[in-house]
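# Chain and residue survey
Given next are the chains, with one letter for each unit.
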Amino acid sequence: MRIVVCMKRVPDTESVIRIAPDGGAVDTADLNYIINPYDEYAIEAALQMKDADDSVQVLLLTVGESAAESTIRKGLAMGADEAVLLQVPKDLSDPLGTARLLAEWLKANPADLVLAGKQGVDFDHGAVPGMVAELLGWAGASSVCALACEASHATVEREVEGGRERVRLPLPCVISADKGLNEPRYASLKGIMGAKKKPLAVVDCAAQSGALGSLEAPPARPAGRVVGQGAAAATELARLLKEEARVL
Amino acid sequence: MSYKALDFLSYDSLLREEELAVALEVRRWVGERFLPLAMEAFETDRFPFELAREMGELGLFGATIEGWGCAGLSHTAYGLINRELERGDSGLRSFLSVQSGLVMYPIWRYGSREQQDQWLPRLAKGEAIGCFGLTEPDHGSDPGAMVTRAEDKGDHFLLNGAKMWITNGSVADVAVVWAKLEGVVRGFLVEKGTPGFTAPLHRHKFSLRASVTSELVFENVRIPRSAILPGVEGLKGPLGCLNQARYGIAWGAIGAAQACFDEALRYQQQRTQFGRPLASFQLQQEKFADMLTAITAAQGMAIRLGQLKDEGKLGPAQISLAKRNNVAMALQVARTCRTMLGANGVSLEYQTGRHLLNLESVYTYEGTHDIHTLVLGQAATGIASYA
């Protein structure tokens, strides 16, 4: 079985995001990049299948700029077998452009199962996995919190309002992972050393992407207000929450 | 709260990609898995042993060794592991220093193939824990005067004596014990549970509380002939091990200093007095400037030490230079940061006080600050001030 995990690099979730002076991009100068956390669940799910069955091959597939290589190596260090970087001049923020590149590659290089995180924590589009499924004409399931695979089908569970939905999909299919699917492993030091020697192919791609319009930082939050002190303040706080903030 | 590791001169850019990857992964592990336990571990005088297996799975133990399931990393990467662990706690780093530098190293370097095969895989996985017995109740800086002795009884050795201040002593599955056999210092592997071997705990420490410290007592302990380390005789055996561990400490101390600096900086940026952030006051800024410089200088020493060690050119006096400087630096930084946290600095809710107390031990163990001073004095003048 061949599993392709779509992963991307995102700025460390604790980064302070600054907008470049021209307002058209994020200033990436001081950013550290990590594997998109939702993609880590997808990688872990694939690796657990590989742990259970030696014949499972796990390939990481990324659309991104050349600097994404070091983040991809991290995924290889976790235990994936090989990786392909669909290299574009700049990281894309366009889900359809990304999905087209991924789907095109997957048409030429078939997989039994495609896994991905449910969304990137940078732009939070949450759109790519569904688009890839649609472009390939495959079945898809989003935001899964449980996954089991058989020879010809995958069974997944999704958290829905008030319960869990179980879905059975024919393979090949595209499944996006939600938090709770598993506990992603750390890369072992041996894994990090071994990752240097694993194949990482770079495919030059023309970006088929719409240009980003402009970015704005969210407005600064106004200063808080001290309502009072001690027990007496509780009544006033409750009144304000009810009458002014209207949250109670 | 996120942690930003001070790297003012971009030393990280001197690292190989996989070395940096190791540092970042260990940093993440410390933040996610160790730090949530750190305060409780220190307060309750307990090493979180549940983490030993995880450390083994990560491949932290014996990381520079090739084979026996070890990662085969560079010495620079090993230094970075020490730095990141000590960012969490000196006790956590001590656990690694002992397991890697003082137990796995001598078994790998001086042990027989049978000893290597018996112990290295289990020690690497964290399934077995080791300790190292050199210091004695009456002999610390002068280990050559040790009184622990082994007698050759034909089919076995008989071990008598005591060792003091032994990290992991009470919990170790195997103790690397240095004792005199016919007047010559030799290493012995003594297994837990061997009759006559006991390891009572040291209690009431105010430092390295998240680390087990014990006495080792040997009363007519019969150990098999196969337990002797065949590959080394004399003090160069234990001192070779200490060079490994001291090298790691020179790196580790930086992690403790970075943690204190980061905490004090955040605190002073956020806390307002007289209508301004504390960090805006000149008295505080001078402290930041001094600490920034001291930490950055220590980082330079550590990275150069790593280069020399990776080239096989690192000498013991050079290790002494960095251990002495970097630990004294970290202790001073911790004290300064303690004052910068005001009253909160004495609370274990903040990390700095814990680092400060830990570093008092680090200053004294693995060659006291004063002994390293004398090593450097000899290196500078060519004259040994002690016999």
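Computed from a predicted structure; not experimentally measured.

### Things to note about the overall build of chain B
A count of helical and extended segments in chain B gives ten helices and eleven strands. Here chain B has a C-alpha radius of gyration of 21 Å; the compact-globule value for 387 residues is 21 Å, and the two agree. Counting only C-alpha atoms, chain B reaches 80 × 45 × 40 Å along its principal axes. Counting over 387 residues, chain B shows a buried share of 57%. If you take every contact in chain B between residues at least 6 apart in sequence, the share linking residues at least 24 apart comes to 75%. In chain B, 39 side chains carry a positive charge and 42 a negative one; their mean positions are 2 Å apart.

### Some points on the overall build of chain A
In terms of regular secondary structure, chain A is built from six helices and 13 strands. Taken along its principal axes, the extent of the C-alpha atoms in chain A is 70 × 45 × 40 Å. Counting across all 248 residues of chain A, residues that qualify as buried make up 42%. A separation of at least 24 residues holds for 68% of the contacts in chain A among residues at least 6 apart in sequence. Counting every atom, chain A has about 13,100 Å² of accessible surface; 50% of that belongs to carbon and sulfur. On chain A, the mean spot of the 26 positive side-chain charges and the mean spot of the 34 negative ones are 2 Å from each other.

### Notes on the nonpolar core
Core analysis: the largest hydrophobic core is formed by 134 residues, its most contacted members being Leu115(A), Leu189(A), Trp29(B), Ile81(B), Leu85(B) and Trp178(B). Membership of the second largest hydrophobic core comes to 24 residues, among which are Leu92(A), Leu102(A), Trp105(A) and Ala111(A).

### A short note on a nonpolar patch on the surface
All names here are of chain A. Taken together, the side chains of Val227, Leu237, Leu241, Val247 and Leu248 make up a nonpolar region of the molecular surface, amounting to roughly 430 Å² of accessible area. Here Leu248 lies in the segment after helix H6 (231–243). Overall, Leu248 belongs to the exposed group, its relative accessible area being 64%.

### Quick look at unusual backbone geometry
Note that the residue after Leu171(A), namely Pro172(A), is joined by a cis bond; omega there is -5°. As for its placement among the helices and strands, Pro172(A) is situated in the loop between strand S11 (163–170) and strand S12 (173–177). Its identity is not glycine, yet Ser10(B) carries a phi of approximately 50°, on the positive side. The topology assignment puts Ser10(B) in the segment before helix H1 (17–43). Look at Ser10(B) and you get partly exposed, because its relative accessible area is 40%. Of note in this structure, Asn168(B) is not a glycine but carries a positive phi near 70°. Within the element layout of this structure, Asn168(B) appears in the loop between strand S5 (156–167) and strand S6 (174–181).

### Looking at the domain arrangement of chain B
Residues and elements named next belong to chain B. We note that the domain assignment places domain 1 (11–125), domain 2 (130–227) and domain 3 (236–381) within chain B. Here the C-alpha centroids of domain 1 and domain 2 sit 23 Å apart. Contact with domain 1, which involves 24 residues of that partner, is made by 21 residues of domain 2. Between domain 1 and domain 2, the buried area comes to about 1,800 Å², and carbon and sulfur atoms account for 65% of it.

### Some details on the interface of chain A and chain B
Taken together, the contacts link 13 residues of chain A with 24 residues of chain B. In total, chain A and chain B occlude about 1,500 Å² of area from one another, counting both sides; carbon and sulfur atoms represent 62% of this. Taken as a group, Tyr186(A), Leu189(A) and Met193(A) account for 48% of the area that chain A buries against chain B, more than any other trio of residues on that side. At the boundary of chain A and chain B, one finds three salt bridges. Of the charged contacts in the structure, one is a salt bridge between Arg28(B) and Glu40(A), with a shortest N-O distance of 3.1 Å. Broken down by secondary-structure element, the contributors of at least two residues to the side of chain A that touches chain B are helix H2 (69–78) and helix H5 (189–195) of chain A. Among the elements that make up the side of chain A that touches chain B, the one with the highest residue count is H5(A) (four residues). The residue inventory of the side of chain A that touches chain B, partitioned by class, reads five nonpolar, two polar and six charged.

### Quick look at the packing of aromatic side chains
Applying the stated criterion to the full structure yields 14 aromatic pairs over all chains. With centroids separated by 6.2 Å and ring planes inclined at 50°, the aromatic side chains of Tyr38(A) and Tyr41(A) adopt a geometry described as tilted. Of this pair, Tyr38(A) and Tyr41(A) are both found in helix H1 (residues 37–52), three residues apart, which corresponds to roughly one turn of the helix. By relative accessible area, Tyr38(A) is classed as buried at 18%. Geometrically, the ring pair formed by Tyr78(B) and Tyr247(B) is stacked, given 6.4 Å between the ring centres and 15° between the ring planes. Highlighted residues: Tyr78(B) in helix H3 (residues 75–88) and Tyr247(B) in helix H6 (residues 236–270), separated in sequence by 169 residues. Aromatic rings pair up to connect Phe47(B), Phe49(B), Phe61(B) and Phe95(B) into one cluster. The ring of Phe281(B) carries Arg276(B) above its face, with NZ or CZ at 4.3 Å from the centroid.

### Some thoughts on the packing of helix H8 (residues 316–340) of chain B against helix H10 (residues 369–381) of chain B
Residue and element names in this part refer to chain B. At a closest axis distance of 9 Å, the pairing of H8 and H10 adopts a crossing angle of 135°. Viewed along their axes, H8 and H10 adopt a mutual orientation that is oblique. As for how H8 packs across H10, the hand of that crossing is left-handed. Judged by residue contacts, Ala317, Ser320, Leu321, Lys323, Arg324 and Ala328 of H8 engage His369, His372, Thr373, Val375, Leu376 and Ala379 from H10. Among the residues forming the contact of H8 with H10, the class breakdown is six nonpolar, four polar and two charged.

### Observations regarding the side chain of Glu65(A)
Residue and element names in this part refer to chain A. Structurally, the position occupied by Glu65 is in the loop between strand S6 (57–64) and H2. A distance of 2.8 Å separates a polar atom in the side chain of Glu65 from the backbone nitrogen of Asp91. Look past the residues within four positions of Glu65 in its chain and what remains in contact with it is Arg9, Leu85, Gln87, Val88, Pro89, Lys90 and Asp91.

### Re the environment of Gly62(B)
All names here are of chain B. Within the secondary structure layout, Gly62 lies in the loop between helix H2 (50–58) and strand S1 (66–67). On the basis of relative accessible area, Gly62 is assigned to the buried category, the value being 2%. Discounting chain neighbours no more than four positions away, the residues touching Gly62 are Cys70, Ser100 and Met104.

### Quick look at the sheet that holds strand S13 (residues 200–204) of chain A
Residues and elements named next belong to chain A. The strand order across the open sheet built from nine strands is S11-S10-S9-S12-S8-S1-S6-S7-S13, with neighbouring strands paired in mixed fashion. Every interior strand has two partners, whereas the edge strands, S11 and S13, have only one. Averaged over all pairs of adjacent strands, the angle between strand axes in this sheet comes to 35°, irrespective of strand direction. The pairing of strand S8 (residues 113–117) with S12 spans five bridges and is parallel. Looking at the pairing, Gly117 lines up with Ala177 of S12.

Conventions adopted
- Residues numbered from 1 in each chain as written.
- Chains lettered and ligands numbered in written order.
- Predicted model: local features only at pLDDT ≥ 70, side-chain atom pairs only at ≥ 80, totals over all residues.
- Heavy atoms only, no water.
- Helix = DSSP H or I, 4+ residues; strand = E, 2+ residues; numbered from the N terminus.
- Rg over C-alpha atoms; globule rule 2.2 N^0.38 Å.
- Buried < 20%, exposed > 50% of the residue type's maximum accessible area, 1.4 Å probe, protein only.
- Contact = heavy atoms within 4.5 Å.
- Lys, Arg positive; Asp, Glu negative; His and termini not counted.
- Charge placed at Lys NZ, Arg CZ, Asp CG, Glu CD.
- Areas by Shrake-Rupley, 256 points an atom, 1.4 Å probe, with all protein chains shown as cover.
- Core = buried A, V, L, I, M, F, W, Y, C linked by side-chain atoms within 4.5 Å.
- Patch = residues over 30% accessible without salt bridge, like charges linked within 9 Å, V, L, I, M, F, W, Y side chains within 5 Å.
- Salt bridge = Lys/Arg side-chain N within 4 Å of Asp/Glu carboxyl O.
- Domains from an automatic or database assignment.
- Buried area = accessible area lost by both parts, 1.4 Å probe.
- Nonpolar A, V, L, I, M, F, W, Y, C, P; charged D, E, K, R; others polar.
- Phe/Tyr/Trp six-rings, centres within 6.5 Å; stacked < 30°, edge-to-face > 60°.
- Lys NZ or Arg CZ within 6 Å of the ring centre and 35° of its normal.
- Axes fitted to C-alpha atoms, helices over the stretch in contact; angles between N-to-C directions.
- Parallel < 35°, antiparallel > 145°, perpendicular 65-115°, else oblique.
- Left-handed = near helix turned anticlockwise from the far one by under 90°.
- Polar contact = N/O pair within 3.5 Å; in protein donor to acceptor, adjacent residues only side chain to side chain.
- Pairing = 2+ DSSP bridges.

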